[in-house]
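Below are the chains, spelled out letter by letter.
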Amino acid sequence: MSSPSAFHTAIVPAAGLGTRFLPTTKAVPKELLPVVDTPGIELVATEAAQAGATKLVIVTSPGKDAVANYFRAQPELEETLAARGKTELLAKVQRATKLLSVETAIQDKPLGLGHAIGCAEGNLDGSDDAVAVLLPDDLVLPTGVLSKMAEVRSRLGGTVLCAFDIPREEISAYGVFDVRDTGDDDVKQVVGMVEKPKAEDAPSTFAAAGRYLLDRAIFDAIKRITPGAGGELQITDAIAMLINEGHPVHVVVHRGGRHDLGNPGGFLRAAVDFALDHPEYGADLRSWLEGRIGKA
């Protein structure tokens, strides 16, 4: 039997239409838009692989094949680059295909995050005691929180989620955890969740982020929850059900930063942030930005 800390499979829900990026997403899935020169989906897949995942299940919608195809080898392109001596470009092209094995699951209708995760159950095998879920719109920086979450699961069992400590005046935009202390400032026991509370009503300032390490029991809970608004099955409802049934749930408080790739404004901030650290583009971009801001 695998150890309770181990997870081999990471699920990435990517079935959405990317409406906030229309008209671009008529032809290019949002997950393939480049943060400088690397699509967001590759950044998330790299994070999963670094935390121990060997299999990535991309939950996609009918006809949205390009995201999974990105992880497949392209021999003709690779041969052309090799013949031209473009070794650095060849390494970039091959990078995603070497990360982990990639499978797809189909979500026929947009029925919520819980439903999307449930669609991947058929991709699991008997060794999957837990699965990681990474929302591709969320870049959690620096990477490494999934490894910390796996370590917490190995000690405390159950399901482990990622949280950010958000200023109370901003908390109403988030799902918020009702928590109890564990003796570790960065690990809290979850006793409840509240979706988008008023600031004065929020049970804490710890808000859900787009990283989950879910015990296999979550799939049974997803089958038993009832749809909410819009007929959607919410993963928060399934987690709340497990809490009510005595299933241990904890959060790891991540003290780093994050970028939201789900809207153009957040995407631009991520691109600038990554570009400023890029050895080829960073210095010129910084100089240009300083001059551009000075003209504003």
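Residues numbered from 1 in each chain as written. Predicted model: local features only at pLDDT ≥ 70, side-chain atom pairs only at ≥ 80, totals over all residues. Heavy atoms only, no water.

The protein goes by UTP--glucose-1-phosphate uridylyltransferase in an unreviewed UniProt entry, where it is assigned to Kutzneria buriramensis. Quoted straight from UniProt, the Catalytic activity (unreviewed entry) entry for the protein says "alpha-D-glucose 1-phosphate + UTP + H(+) = UDP-alpha-D-glucose + diphosphate". Under the heading Sequence similarities (unreviewed entry), UniProt records this for the protein: "Belongs to the UDPGP type 2 family." (UniProt positions renumbered as here; feature names shortened; annotations may be inferred.)

Asker: Just give me the short version of the pairing of strand β8 (residues 159-165), but keep the residues and values in it.
Answerer: Within β8, 6 of the 7 residues are buried, which leaves it mostly tucked inside the rest of the structure. Note that β8 and strand β12 (residues 249-253) share 5 bridges and pair parallel. Bridge pairing links A163 to V253 in β12. Where β8 and strand β11 (residues 206-215) come together, 5 bridges link them in antiparallel fashion. Note that in β11 the partner of F164 across the bridge is A207. (Buried < 20%, exposed > 50% of the residue type's maximum accessible area, 1.4 Å probe, protein only. Helix = DSSP H or I, 4+ residues; strand = E, 2+ residues; numbered from the N terminus. Pairing = 2+ DSSP bridges.)

Asker: Now, about the pattern of salt bridges: what can you tell me, with residues and values included?
Answerer: Under the defined criterion, the tally for this structure stands at 17 salt bridges. It is possible to trace a salt-bridge network through shared partners that takes in K148, E151 and R155. (Salt bridge = Lys/Arg side-chain N within 4 Å of Asp/Glu carboxyl O.)

Asker: Got a sec to walk through empty space enclosed by the protein? Specific residues and values, please.
Answerer: For the coordinates displayed, the defined rule picks out 1 cavity of 30 Å³ or more. In this model, the largest cavity occupies a volume close to 50 Å³. When its residues are assigned to classes, the lining of the largest cavity shows 5 nonpolar, 1 polar and 3 charged. (1 Å grid on protein atoms, 1.4 Å probe; cavity = no way out; pocket = protein on both sides within 12 Å on 5 of 7 lines; lining within 4 Å. Points joined across faces, edges and corners; volume = space filled by probe spheres on them. Nonpolar A, V, L, I, M, F, W, Y, C, P; charged D, E, K, R; others polar.)

Asker: Give me the lowdown on the packing of helix α3 (residues 75-83) against helix α4 (residues 87-95), citing residues and values where you can.
Answerer: One way to put it is that α3 packs onto α4 with a least axis distance of 8 Å and a crossing angle of 160°. As summarised for this structure, α3 and α4 are arranged roughly antiparallel, according to the angle between their axes. Along this stretch, α3 crosses α4, giving a crossing that reads as left-handed. Where α3 approaches α4, its residues L77, E78, L81 and A82 are matched on the opposing element by L89, L90, V93 and Q94. (Axes fitted to C-alpha atoms, helices over the stretch in contact; angles between N-to-C directions. Parallel < 35°, antiparallel > 145°, perpendicular 65-115°, else oblique. Left-handed = near helix turned anticlockwise from the far one by under 90°. Contact = heavy atoms within 4.5 Å.)

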